[in-house]
Amino acid sequence: MRKKKPPEHENHERWLVSYADFITLLFAFFVVMFAISQVDVQKMGRFVESMNIAFDFPIPAEAPIQGGGTQGPHSGKPTIVPSKSMIPEPVTTRRSVEMCKQIDERVRGSELEGKVHTRLSKRGVVVSLREGAFFDPGEADIKPDALSKLRAIGELLEPGSIPIIVEGHTDNTPIHTPQFPSNWELSTARAAKIVAYLIDELHYDPQRLSIAGYAEYRPVAENDTSEGRAANRRVDLVVLTEGSDGAAPK
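Residues numbered from 1 in each chain as written. Predicted model: local features only at pLDDT ≥ 70, side-chain atom pairs only at ≥ 80, totals over all residues. Heavy atoms only, no water.

A.B. asks: Even after reading the chapter, I still don't get the pairing of strand 7 (residues 234-240), so can you show me in this structure?
C.D. replies: On a regular strand, each side chain points to the face opposite its neighbour's, so the side chains alternate between the two faces of the sheet. Of all seven residues in strand 7, seven are buried; the element is thus mostly enclosed. Of the two faces of strand 7, the one carrying Arg234, Asp236, Val238 and Leu240 and the one carrying Val235, Leu237 and Val239 are both buried. As defined by bridge partners, strand 5 (residues 164-169) adjoins strand 7 across six bridges and the pair is classed as antiparallel. Across the sheet, the residue bridging to glutamate 167 is aspartate 236, located in strand 7. (Buried < 20%, exposed > 50% of the residue type's maximum accessible area, 1.4 Å probe, protein only. Helix = DSSP H or I, 4+ residues; strand = E, 2+ residues; numbered from the N terminus. Pairing = 2+ DSSP bridges.)

Here it is as structure tokens:
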């Protein structure tokens, strides 16, 4: 006759296992919540500034440099503006916007109006010098009466050590002279003349300057009208945003 098994002892502490699992899950939950609540303010500032550049949407002039908000022009709600401490030093969108404003103010109502144009790009501030104001057709020497105009622009761009690329551009009208066999030579020679003036007359540090010639292959307007061709004949001074790789224009 078999012996009956003694009844198993009931474990009254099994609930501790479930409780421990619950506490572990709860701890993990709060760790995750804490982690996602910590915003890297430097990355956020860099992201905001990059979006401003990508969409050519400058920070409003009334926005304070330090923390806090300012009323947006349309929403009626506070516009969040990253404080200076949120934006790492290499990001200089605000400086770019201010530089554009200063140049525009100098140009407005002066002899430079209609001859010098500024815009913000992903690379920084682009200051376009129209050919008609600074060069004779098919020539690379700066017009004598344009030197004062170039000095006025150069003095605005001189402070600091931010690199500047001077880029020559032409329209698609072919050129073939002993001095300039093609638009490549003409566009590059004009950029070189501007750089030489900045170094010799305004004492720019040569190490912050470089030149490029793009001939007719980087137009800003269609070449099928005289107005479009005039817009394409230009020399661009690209004041690179700090940290920019200085990529060529599309």
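Still to come is the rest of the account.
A.B. asks: I tried to follow the pairing of strand 5 on my own but got confused; where do I start?
C.D. replies: With six of six residues buried, strand 5 is to be regarded as a mostly interior element. Looking at chain direction, strand 5 and strand 6 (residues 209-213) are connected through five bridges and run parallel. The residue of strand 6 that forms the bridge with isoleucine 164 is leucine 209. After leaving strand 5, the chain enters helix 6 (residues 183-200) and then returns to the sheet as strand 6, a path that is right-handed. (Right-handed = clockwise from strand over helix to strand, strands pointing away.)

A.B. asks: Would you mind showing me how to read the environment of tryptophan 184 here?
C.D. replies: Note on placement: tryptophan 184 falls in helix 6. Put simply, tryptophan 184 and alanine 212 are 28 residues apart on the chain and 9.6 Å apart in space, counted from C-alpha to C-alpha. With sequence-adjacent residues up to four places away left out, tryptophan 184 is seen in contact with Gly213, Tyr214, Ala215 and Tyr217. (Contact = heavy atoms within 4.5 Å.)

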